[in-house]
Amino acid sequence: MGAEEFLPDQPTIDRMRAAAADCKGCDLWRAATQTVFGEGSDHAVLMLVGEQPGDREDIEGKPFVGPAGRVLDTALESAGIPRAQVYLTNAVKHFRWVRRGKRRLHEKPNSQQVRACRPWLEAEVKAVKPRLMVLLGATAAQAVLGPTFRVTRDRGKVLETPLGIAGLATVHPSSILRSPDDESRDQAMDAFVRDLKVAAGFVG
Ligand code: URA
Ligand code: SF4
């Protein structure tokens with residue numbers, strides 16, 4: 001199990017995207033529509049890492065094009081981060097879901113699936129060489145910083161990562177969508193933008 005054997009010999013982003021379309025490094029490819037590989041400038045200063053594609057992303061084949069992506073776009077704009085400086089990807093490249101009636105409900109990837117998919121993320125980092133990885137939520141943060149990392153404790157701080165690139169962990173934009181009321185949603189968004197403004201300092 002693992003994506004390693006699917007990596008191309010000269011792993012540019014375009015070659016990897018083509019190769020990842022046929023990845024069977026774990027069982028998640030079976031129930032998903034397609035691989036959702038990272039997207040954006042291969043010279044981006046910031047690499048933003050989510051958890052896994054959602055329902056929309058699975059259908060469209062691009063990261064962060066659904067509701068969480070809209071929250072992320074708004075927050076990036078508020079933080080003054082231009083899209084051209086960003087490469088967007090996920091810790092896991094296939095959508096994991098369970099059926100509930102007509103809906104496909106997101107299900108968190110387990111640690112074996114995250115580990116199986118990590119060769120793609122590591123190769124993306126080597127190809128893009130960002131100055132900072134922004135880890136969105138616990139799955140991405142723990143994929144890179146280890147299982148004991150706690151976003152609530154260490155969000156918004158610039159840290160060393162084992163990948164040799166600085167990292168900054170913050171919440172996942174979908175957590176903002178789950179806020180119980182407008183006031184807590186506004187607060188959560190403000191805190192997210194504050195963290196992204198630290199990342200904005202790496203641009204330019
Ligand atoms: N959530 C993620 O973590 N990634 C996406 O691409 C979309 C939603
Ligand atoms: Fe390969 Fe990752 Fe998809 Fe698993 S989730 S099949 S490792 S691309």
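Just above, that's the structure.
Notes on the structure in this doc start here.

Scoring rules and cut-offs
- Residue numbers run consecutively from 1 along every chain, following the written order of its sequence.
- To label them, take the chains in the order written and letter them from A, then take the ligands in the order written and number them from 1.
- In view of the model being predicted, local features appear only for residues whose pLDDT reaches at least 70, and side-chain atom pairs are presented and counted only at 80 or more, with totals across whole chains, interfaces and linings using the full set of residues.
- Water and hydrogen atoms play no part in the side-chain values, which are based on all heavy atoms of the structure.
- Only protein atoms enter the 1 Å grid, on which a cavity is a set of points fitting a 1.4 Å probe that cannot get out and a pocket is an open set with protein on both sides within 12 Å along at least 5 of 7 lines, lining residues being those with an atom within 4 Å of a point.
- Grid points are joined across faces, edges and corners, and a volume is the space filled by probe spheres set on the points.
- What counts as a helix is a DSSP run of H or I of at least four residues, what counts as a strand is a run of E of at least two, and both are numbered from the N terminus.
- Any residue outside Ala, Val, Leu, Ile, Met, Phe, Trp, Tyr, Cys, Pro, Asp, Glu, Lys and Arg is labelled polar, Gly included; the first ten of those are nonpolar and the last four are charged.
- The classification of residues rests on relative accessible area computed with a 1.4 Å probe and restricted to protein chains. Under 20% of the type maximum is buried, over 50% is exposed, and intermediate values are partly exposed.
- At least two bridges found by DSSP between two strands is the condition for calling them paired.

Points about the layout of surface pockets
Estimated volume of the largest pocket: approximately 870 Å³. Residue lining of the largest pocket: 36 residues in total, with A68, H106, H172, S174 and R178 positioned closest to the centre. Broken down by secondary-structure element, the contributors of at least two residues to the lining of the largest pocket are helix 2 (55-60), helix 3 (67-79), strand 5 (103-106), helix 5 (138-145), helix 6 (151-154) and helix 7 (173-177). Residue classes in the lining of the largest pocket are distributed as 13 nonpolar, 13 polar and ten charged. Its volume calculated, the second largest pocket comes out at about 290 Å³. Of all elements in the fold, only helix 4 (111-128) and helix 5 reach the threshold of two or more residues within the lining of the second largest pocket. In terms of residue count, helix 4 provides more of the lining of the second largest pocket than any other element does, five residues in total.

What about empty space enclosed by the protein?
The tally for this structure, following the rule as stated, stands at one cavity of 30 Å³ or more. Of the voids in this model, the largest cavity is the one considered here, and its volume is about 110 Å³. Ranked by residues supplied to the lining of the largest cavity, first place goes to helix 4 with four residues. The residue makeup of the lining of the largest cavity, split by class, is nine nonpolar, four polar and two charged.

Focus on the pairing of strand 8 (residues 166-170)
Most of strand 8 is tucked away: four of the five residues are buried. When strand 6 (residues 132-136) meets strand 8, the two strands line up parallel, connected through five bridges. Across the sheet, L136 pairs through a bridge with T170, a residue of strand 8. Of the strand pairs in this sheet, strand 7 (residues 158-160) and strand 8 are connected by three bridges, and their pairing is antiparallel. Within the sheet, the bridge partner assigned to E160 lies in strand 8 and is A166. Taking the residues that link successive antiparallel strands as the turn, the strand 7-strand 8 hairpin has five residues, and the phi of G164 there is positive, at about 80 degrees.

Interpretation in functional terms is not warranted from these geometric data alone.
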